[in-house]
Amino acid sequence: MSSIIQLLPDHVANQIAAGEVVQRPASVVKELLENAVDAKATDIKLIIKDAGKSLVQVIDNGVGMTVTDARLCFARHATSKIRQAEDLFSLGTKGFRGEALASIAAIAHMEMKTKQDQDELGTHIVIEGSKFISQEVAVLPKGTSFAVKNLFFNIPARRNFLKSDTVEFRHVMDEFQRVALAHPNIHFSFYHNGSEMYNLPASGYRQRIVGIMSGKTNEKLVPVNEDTEIINVQGFVCKPEFAKKNRGEQFFFVNDRFIKSSFLHHAVMSAYDGLLKDGSQPSYFLYLQVPPNTIDINIHPTKTEIKFDDEQALYAILRASIKHSLGQFNVAPVLDFDRDANLDTPYHYKDVEAEVPTIQVDGTFNPFTDDKTNQHYSKAASGSSGYSSGSSFSSSSGSSSSSSGYSGSSYSGYSKKVEPTASWESLYVGLDVENPESIESSPFTFENEEVTSSLFNDEEVEQATQKTYQIHKKYIVSPIKSGMIIVDQQRAHQRILYEQFLLNMTVNQAASQQLLFPLDLFYSASEMELIEELKPSLATTGFVFDESKTDHIVISGIPVNITESEVPLVIEQLLSDLQDGIPASSYSQNDTIAKSMAKSLAVKTGSYLTEKEQDNLVNGLFACKDPNISPFQKPTFITMRVEDIDKKFAV
């Protein structure tokens, strides 16, 4: 029997390995940018077309390669980063596996231009699917340029699995941001379809973060700095009031390499314990420096996973350093034990009880009488001289028996003499009592409203007409003929809002309320890309956009059923729901927007509803086309029949 096992050709092996290294255009961007950083470049330029499907080009001014290195770099497991296995425990470079260029060249058309500073001429190599097409000498500047065209041209199935340009561009943007944030000392520039997306000069960490995210990020950052024997922690965390729904602005860098670690993320979340709302995620940009021999990054070709020798110590140090920063900059609430001595009660007043001052009021005093003829002041009951016959005061500070008008904290009072008024019969002088019709009627005004009598007490009528009841601020119980229904208030409101938004976006023209002062909302470049594509659909819901710039939008009108304070939350939730891209069809796009806005604006569990609100919610639910389920395919209500309740009480 003949042998059936054979070695695969190099180009076949490279195509198989490429599936693990190159998953999408963003993978090519990551590998090429990291190679440029390892080449000690100080200026790196990224150019892409059609979200990287047509072209990914990285140009750097690094050390370049010789003719031999230029040809050998496309071989599998060929690298300049390590020499032996022990070098894995002292890595100072991004790459070390020697698979990236070989995998990329196996599934794309690749063109490389490279030249070292001391050489007069450089090397120009063209490869298509692992096959060398040409190698020529060319006049080139110092550094290296990689151009990757027609990705997955020989693997059409992989190309068909790529998402839309919006999704792929978002992934490319993420990879660019991670490398640019890790190396603020390098000048980065990014161009997409001829438009400049980023131009980031060499700067510090804070300036680089602000340059990538947005101008408003600067006021959100709280610095973190902790240096120990185990780890050095630097970076920034954001203030709790700027927490977001999504986790898009959370970055860990270990030895200038972006990583993902749920363990370290939990340490950050525990530092924010008690400062965040439910479901909110803090933003952070943390740079960790650890000894290379205490970590292992050779876990996956993407190198975003990492293993630490002493995770518990790193957890405690990271959590403590963040809590210290939040407290040091008065972000976290602290107890103030410093008391103000001016607010203390004097010692000699410690046991003295407070006395309420007594005031004597003359109930017969009439301010409209003539002072000269009818008003006379007499001595008070205590014998003190309140007022003299004129308007002057007679005071004496000697004895208490002849004190002035005020004695201690009590008022000495006064009495007056009032002339007797005419009898009540004088009111009828001049009236012909026997002929009532001769009396001229004058218009009367009543201060009090007309009081109407009722047979029932208002509370009894209210209780008699009540049809719904709220339980635990979560469910609404409404009786029906066959029993009762129990409605989930949050899901029911989601269904009502969902159908209302969908109707406005597809059939009716939504009403919009104009804002007196337009809203300025700041977002990152990737979020602005999504918002630009969502503008036509958001306009049908009632949003009115004035202008858009590179890092913020201006909103002058909002839908009538949204308050001004809810607008940032609605857009943030919408961007979070569209992380994986905007649906291609217009109906699916409208459906996604309607679901997201309904989820943001629906009344939450734990909210108290009045009886009128309960009735409106129940009536609005059963006026919907599909009241049985929420927009997210969950039941909105259940029905309990009287027979089912009787069975519960059956013996």
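Since the model is a prediction, treat every value here as computed from it, not as a measurement.

Help me understand the pairing of strand β1 (residues 43–49), please; the structure alone is not making it clear to me.
Side-chain positions along a regular strand alternate between the two faces of the sheet. The alternating pattern of β1 places Ile 44, Leu 46 and Ile 48 on a buried face and Asp 43, Lys 45, Ile 47 and Lys 49 on a face that is not buried. Relative to strand β7 (residues 187–192), β1 is paired through six bridges, and the arrangement is parallel. Looking at the pairing, Ile 47 lines up with Tyr 191 of β7. Here six bridges tie β1 to strand β2 (residues 55–60), and the two strands are oriented antiparallel to one another. Across the sheet, residue Lys 49 finds its bridge partner in β2, namely Leu 55.

So what exactly am I meant to see when it comes to the pairing of strand β4 (residues 122–128) here?
Buried residues dominate β4, accounting for six of its seven residues. Pairing between strand β3 (residues 109–115) and β4: six bridges, direction antiparallel. Opposite Thr 114, over in β4, you have Thr 123 as the bridge partner. In this sheet, strand β5 (residues 131–138) lies alongside β4 in antiparallel orientation, the contact comprising seven bridges. Paired with Ile 127 across the two strands is Phe 132, which belongs to β5. Remark: two residues form the turn of the hairpin made by β4 and β5, two consecutive strands paired antiparallel; Gly 129 in that turn has positive phi of roughly 60°.

Even after reading the chapter, I still don't get the packing of aromatic side chains, so can you show me in this structure?
Any two aromatic rings considered together are summarised by their centre-to-centre distance and by the angle between their planes. In the structure shown here, the tally under the stated rule is 17 aromatic pairs. Here the aromatic rings of Phe 190 and Tyr 198 are separated by 6.5 Å at their centres, their planes lie at 15°, and the arrangement is stacked. We classify Phe 190 as buried; its relative accessible area is 0%. Here the aromatic residues Tyr 205, Phe 251, Phe 253, Phe 258, Phe 285 and Tyr 287 are joined through ring pairs into a cluster of three or more. Directly above the aromatic system of Phe 132 lies the positively charged group of Arg 71, at a separation of 3.8 Å from the ring centroid.

Teacher, can you tell me more about the environment of Leu 326 here?
Within the secondary structure layout, Leu 326 lies in helix α9 (residues 311–328). Assessed through its relative accessible area of 0%, Leu 326 is described here as buried. As a C-alpha pair, Leu 326 and Val 222 span 104 residues in sequence and 7.2 Å in three-dimensional space.

Where do I start with the packing of helix α2 (residues 25–38) against helix α6 (residues 165–182) in this structure?
A packed helix pair is summarised by two numbers, namely the angle formed by the two axes and the spacing between the axes. Contact geometry for α2 and α6: axes closest at 8 Å, N-to-C directions at 20°. In terms of their interaxial angle, α2 and α6 are classed as roughly parallel. The two elements α2 and α6 cross, and the hand of that crossing is right-handed. Between α2, through Pro 25, Ala 26, Val 29, Lys 30, Leu 33 and Val 37, and α6, the contact on the second element is made entirely by Glu 168, His 171, Val 172, Glu 175, Phe 176 and Val 179. The residue makeup of the contact of α2 with α6, split by class, is eight nonpolar, one polar and three charged.

How each quantity is defined
- Residues numbered from 1 in each chain as written.
- Predicted model: local features only at pLDDT ≥ 70, side-chain atom pairs only at ≥ 80, totals over all residues.
- Heavy atoms only, no water.
- Buried < 20%, exposed > 50% of the residue type's maximum accessible area, 1.4 Å probe, protein only.
- Helix = DSSP H or I, 4+ residues; strand = E, 2+ residues; numbered from the N terminus.
- Pairing = 2+ DSSP bridges.
- Phe/Tyr/Trp six-rings, centres within 6.5 Å; stacked < 30°, edge-to-face > 60°.
- Lys NZ or Arg CZ within 6 Å of the ring centre and 35° of its normal.
- Axes fitted to C-alpha atoms, helices over the stretch in contact; angles between N-to-C directions.
- Parallel < 35°, antiparallel > 145°, perpendicular 65-115°, else oblique.
- Left-handed = near helix turned anticlockwise from the far one by under 90°.
- Contact = heavy atoms within 4.5 Å.
- Nonpolar A, V, L, I, M, F, W, Y, C, P; charged D, E, K, R; others polar.

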